[in-house]
Amino acid sequence: MWAELLPVGRSSASGGYRRSAWTGADADCRTWFQEQAEARGLAYETDRNGNQWAWLGDPAAGDAVVTGSHLDSVPDGGAFDGPLGVVSAFAALDELRGRGARLTRPLGIVNFGDEEGARFGLACVGSRLTAGALTVEQAHRLTDGDGITLPQAMEDAGYDPGTLGPDPERLARIGAFVELHVEQGRALDLSGDRVGIASAIWPHGRWRFDFRGEANHAGTTRLADRHDPMLSYAETVLAARREAELAGAVATFGKITVEPNGVNAIPSLVRGWLDSRAADQAGLDTVVTGIEKAAREYATAHGVDLDIARESFTPVVEFDHALRDELARILGRDTELRVPVLGTGAGHDAGILSDRVPTAMLFVRNPTGVSHSPAEHAAEDDCVAGVSALADVLEGLACT
């Protein structure tokens, strides 16, 4: 399975993956998912928001155990973020069948659409729509860098955008959702453990900073006469690093657009996107407030206008304690596999669904901690350990 999926959407230039939502690469990933489901005799369906589902047993019976993740990527992302959870879900089902396990609850495997938000700027679109955390009106306003709306992109890919919206009936079928994911950090590598259990997801959000100055000639305009928004932006980037260090949090300006974007032109607009995360809400508020305050001071000093808009926000997610403890109990039966509990600063579909259904996460060791990069990696024996752990969890939950 891994070998079949590996070439899809891979850039020959960077070695990274470009699997943005509703593109050709995304369609190839979706075809792969459907083929895997049908090869195992699973009932396959696509829901009203474009998420893919494969079922063993009748989901209408309710109290289903569901696992899976996503197949899309950030621009030039790694091979493991998302796909490892989907591949491991099918592999865990194969393992259960090999054991002769007899399920007493329906088992589902899911591929949530547009988790990374690479194309439309909002993460976890598929799960947000399903959970009602993103309204239909908000979804229709999402556009990519070429001005193509989400509904238009879905329609171009052969899906009906008229069905977008909350899906409470589907969520009511789910008794537990367990997402396996490569760790996006080095906690497991430092502790020497192959697999971990998530405790919580840090609160996080994205903010857009629009610095508006005055376009002018780069060669003839005196420095004293300039209203250069790039200066205010650059100083704000440094302020973000400073505020994050002081609060023990993280803050990143990772995306920028410039107008008119000419080598010999002073910009009229510099638009930058801030991603910030912290262990708790108070810490996140401190960081973002400090960055906003500094940005406004820099803008004033350079005669630049500034607009700040929060584009997305996810509060702290405490995974269901009872389910988390049950995972620890199940995996604790294997005395050779120590399973630590750790938090994460990365958002996931499991976090979005946590307000609607009991959710939990398993992490697989990442030896470098690198993620959202072609250097992202997990060793084969660690991935196999993850599959075994997931199979144990699914057996413990769905065979009782």
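Presented here is an overview of the structure given in this document. (Residues numbered from 1 in each chain as written. Predicted model: local features only at pLDDT ≥ 70, side-chain atom pairs only at ≥ 80, totals over all residues. Heavy atoms only, no water.)

As for the packing of helix H3 (residues 83-99) against helix H13 (residues 380-398)
Orientation of H3 relative to H13, taken along the N-to-C sense of each, is 60°, at an axis distance of 8 Å. As judged from the angle between their axes, H3 and H13 are oblique. Viewed along their axes, H3 and H13 form a crossing whose handedness is right-handed. Counted together, Leu84, Ser88, Ala89, Ala91, Ala92, Glu95, Leu96 and Arg99 of H3 and Cys383, Val387, Ser388, Leu390, Ala391, Asp392, Leu394 and Glu395 of H13 form the full contact between these two elements. Its residues assigned to classes, the contact of H3 with H13 comprises ten nonpolar, two polar and four charged. (Axes fitted to C-alpha atoms, helices over the stretch in contact; angles between N-to-C directions. Helix = DSSP H or I, 4+ residues; strand = E, 2+ residues; numbered from the N terminus. Parallel < 35°, antiparallel > 145°, perpendicular 65-115°, else oblique. Left-handed = near helix turned anticlockwise from the far one by under 90°. Contact = heavy atoms within 4.5 Å. Nonpolar A, V, L, I, M, F, W, Y, C, P; charged D, E, K, R; others polar.)

What to know about the sheet that holds strand S12 (residues 305-314)
In spatial order, the strands read S9-S11-S7-S12; together these four strands make up an open sheet with antiparallel pairing. Each edge of the open sheet carries a strand with a single partner, namely strand S9 (250-259) and S12. Averaged over all neighbouring strand pairs, the angle between strand axes comes to 15°, with direction disregarded. One ladder, built from nine bridges, connects strand S7 (residues 204-212) with strand S11 (residues 269-277); its direction is antiparallel. From the neighbouring strand, Phe211 faces S11, where its bridge partner is Val270. Each of S7, S9 and S11 is contacted by helix H9 (residues 229-247), which is oriented at about 170° to S9, the strand it contacts most. Lying over the sheet, helix H10 (residues 281-301) contacts S7, S9, S11 and S12, oriented at roughly 5° with respect to S7. (Pairing = 2+ DSSP bridges.)

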